[in-house]
Amino acid sequence: EETGKGGYDHYMLKEIESQPESLSNTIRGRIDPEAPAVHLEDFPPGCFQDVTEVHFVACGTSYHAALYGARLLEEANVRVRTSRASEFTGRIPDPEGTLVVPVTQSGETADTLGALRAAGEAGARTLAVTNVVGSTVAREADEVLYIRAGPEIGVAATKTFSSQVVTLALLVERLTQEIDGAAAREDLGAFLEALSVLPNQIEEVIRTSRAEALSSKYDGRDAYFFIGHALQHPVALEGALKFKEITYEHAEGFASGELKHGPLALVTPGTPIFALFDGKHDEKTHTNAKEAQARGAEIVAVTASERTAAFADDMLVIPDTHPDLSGLLANVQLQFVSYYTARSLGRPIDKPRNLAKSVTVE
Ligand code: G6P
């Protein structure tokens, strides 16, 4: 049953709507908002105290999840790099102190395996974050942390992105508590509390999303843009990737502040721009979205705040949460936007042309 469509037209929709459950599995037994504490099986307290730098390597959607984790580490003052696995040079200036983290749903992506092997040869410690128990990456890395999302059949990754981001956020908490000079989160209890109710909030998005109606309104435009700042930036990139993968329409994601440094030239009357707000870093996205709107763009604000959305042409509502988690709720809305747009265009949603679930060649 877990791998059947269970009454859904597509695996993708089933997988989007199974996120309350998959995310509950991801966090089960790992968070204690009361203490507050994060428990990661196989990673005893103190096991990260020699780490001085973290280097993520990943492809596709997993790369976007890695960017999310990297931003959290950067904000906590930890040295961090993120490489597309296919661009990883294998150069690690301080292999003793470097933790290389391949992030891969399948655990079989050739580019990511190549980077893992190069990191091992350079003498770095490797910790894989993956969904598939016994996968090649799980066998070859020094250590492994599972995202526990359950099997994902649709080629376009959905529930595994959410579980990757949350798993990385938990890893980040452990790292920042143990790395010398890191600024561990002062609001850990509040953050873990917000995390514990996130599955219910995703359920709320699933129940109330207006993405289907909105998708038909914006059908047939030349291009679709997604913008976000800070943690909403990787979510904007992921929203655009999902959109192009399954709708075959032109979509791009940008950092909000970058819009004016080039992409604005592509904005014409009627260009839809999905602007993602987290309630904390909204200024840049607001200013840049308004700039595009003045040139004819139609803005869809993805936000918990009616006030933030007041200037926009449309709004996709997300529940109020910790700002570091709101990207996950926004992402569910964007998954629906991609899904319903692809469906109205009659695309083969679960098996988009030219793409494979797992790419095992470099
Ligand atoms: C393929 C899939 C993408 C996926 C990427 C990385 O290109 O089509 O959806 O994000 O591989 O996959 P991984 O299994 O390494 O996360």
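The rules we used
Each chain carries its own residue numbering, running from 1 in the written order of its sequence. Local features are withheld for residues below a pLDDT of 70 in this predicted model, meaning they are given only at 70 or higher, and side-chain atom pairs are given and counted only at 80 or more; totals for whole chains, interfaces and linings count all residues. To qualify as a helix, a DSSP run of H or I must reach at least 4 residues; to qualify as a strand, a run of E must reach at least 2; elements of each kind are numbered from the N terminus. Only the C-alpha atoms count toward the radius of gyration. The rule for a globule is 2.2 Å times the residue count to the power 0.38. The burial criterion counts other C-beta atoms lying within 10 Å of a residue's C-beta, which is placed from the backbone; the residue is buried at 20 or more, exposed at 12 or fewer, and partly exposed between these limits. Whether two residues are in contact is decided by their C-beta atoms, placed from the backbone, lying within 7 Å. By definition, a residue lies near a molecule or strand when the C-beta atom built from its backbone is within 6 Å of it. Ten residue types, Ala, Val, Leu, Ile, Met, Phe, Trp, Tyr, Cys and Pro, are classed as nonpolar, four, Asp, Glu, Lys and Arg, as charged, and the remainder, Gly among them, as polar. We call two strands paired when DSSP finds no fewer than two bridges between them. Note on method: axes are straight lines fitted to C-alpha atoms, helices fitted across the in-contact stretch only, with angles between N-to-C directions ranging 0 to 180 degrees. Each residue carries a pLDDT value, the predictor's own confidence for that position, ranging from 0 to 100. Roughly parallel here means an angle under 35 degrees, roughly antiparallel means over 145, roughly perpendicular means 65 to 115, and every remaining angle is called oblique. Each crossing is labelled by how the near helix is turned from the far one, with a counterclockwise turn of less than a right angle marking it left-handed and a clockwise turn marking it right-handed. Multiplying 1.5 Å by the helix residue count minus one yields the expected span of that helix.

**Student:** Before we move on, can you summarise the overall build of the chain with the specific residues and values?
**Tutor:** The helix and strand tally for the chain stands at twelve helices and twelve strands. Relative to a compact globule of 362 residues, whose C-alpha radius of gyration would be 21 Å, the chain shows 20 Å and is just as compact. When the backbone C-alpha atoms are referred to their principal axes, the chain occupies close to 55 × 40 × 40 Å. By the burial criterion, 52% of the 362 residues in the chain qualify as buried. For the chain, restricting intrachain contacts to residue pairs at least 6 apart in sequence, the fraction spanning at least 24 positions comes to 75%.

**Student:** Let's hear about unusual backbone geometry: which residues, and what values?
**Tutor:** Geometrically, the link from A35 to P36 is a cis peptide bond, its omega value of -15° lying close to zero. Considering the arrangement of structural elements, one finds P36 in the loop between β1 (31-32) and β2 (37-38). Unusually for a residue other than glycine, D42 sits at a positive phi of about 70°. The residue D42 is located in the loop between β2 and β3 (53-58) in this model. Even without glycine at this site, R148 takes up a positive phi of about 55°. Here R148 is to be found in the loop between β7 (143-146) and α6 (159-178).

**Student:** How would you sum up the site of the ligand? Please name residues and give values.
**Tutor:** Taken together, 17 residues surround the ligand, and among them G60, T104, Q105, S106 and T109 come closest. Among the residues forming the shell around the ligand, the class breakdown is seven nonpolar, nine polar and one charged.

**Student:** Talk me through the sheet that holds strand β6 (residues 125-130); I want residue IDs and the actual numbers.
**Tutor:** Across a sheet, strands are paired by hydrogen bonds formed along the backbone, either parallel or antiparallel in direction. The parallel open sheet is built from five strands, whose spatial order is β4-β3-β5-β6-β7. Of all the strands in the sheet, just β4 (79-84) and β7 have a single pairing partner and so form its edges. When strand polarity is set aside, the average angle formed by the axes of neighbouring strands in this sheet is 20°. Bridge count between β6 and β7: four bridges; the pairing is parallel.

**Student:** Got a sec to walk through the confidence of the model for the chain? Specific residues and values, please.
**Tutor:** Overall, the prediction assigns the chain a mean pLDDT of 97, with 99% of residues at 70 or greater. Confidence estimates for the predicted assembly give a pTM of 0.97 and an ipTM of 0.98.

**Student:** Lay out the sheet that holds strand β9 (residues 250-255) with the relevant residues and their values.
**Tutor:** Taken in spatial order, the five strands line up as β9-β8-β10-β11-β12 in an open sheet, and their pairing is parallel. Each having just a single partner strand, β9 and β12 (314-317) make up the two edges of the open sheet. Going from strand to strand, the sheet's axes swing by 20° on average, the running direction of each strand aside. Bridge count for strand β11 (residues 298-303) against β12 is four bridges, and the pairing is parallel. Across the sheet, V302 pairs through a bridge with L316, a residue of β12. Against the sheet, helix α9 (residues 232-247) engages β8 (223-228), β9 and β10 (272-276), with an angle of about 175° to β9.

**Student:** Could you give an account of the packing of helix α2 (residues 19-27) against α6, with specific residues and numbers?
**Tutor:** Running from N to C, α2 and α6 point in directions that differ by 30°, and their axes come no closer than 9 Å. Relative to α6, the element α2 lies roughly parallel. Two packed elements cross with a definite hand, and for α2 against α6 that hand is right-handed. Side by side, α2 and α6 meet where Q19, S22, L23, T26 and I27 of the first sit next to K159, S162, S163, V166 and T167 of the second. Class assignment of the residues belonging to the contact of α2 with α6 gives a composition of three nonpolar, six polar and one charged.

**Student:** Can you lay out the packing of helix α3 (residues 60-75) against α9 for me, pointing to particular residues and giving the numbers?
**Tutor:** Look at α3 against α9: their axes get within 9 Å of each other, and the N-to-C directions meet at 170°. With respect to their mutual orientation, α3 and α9 come out roughly antiparallel. Crossing handedness for the pair α3 and α9: left-handed. Of the residues in α9, those in contact with G60, T61, H64, L67 and Y68 of α3 are P234, L237, E238 and L241. Residues that form the contact of α3 with α9 fall into these classes: five nonpolar, three polar and one charged.

**Student:** Give me the lowdown on the environment of A211, citing residues and values where you can.
**Tutor:** Here A211 is to be found in helix α8 (residues 211-217). Sequence-wise, A211 and M315 are 104 residues apart; in three dimensions their C-alpha atoms are separated by 9.5 Å. Setting aside chain neighbours within four positions, we find A211 in contact with L316, Q333, F336, V337 and Y340.

**Student:** Please give an account of helix α10 (residues 282-294) that cites residues and values.
**Tutor:** Over its 13 residues, α10 extends 18 Å from the first C-alpha to the last, a length consistent with the 18 Å expected when each residue adds 1.5 Å. Residues D282, T285, H286, N288, A289 and A292 constitute the buried set of α10. Next to the buried residues of α10 lie β8, β10, β11 and α11 (306-309). The first or second residue beyond α10 is G296, which carries a positive phi of 105°.

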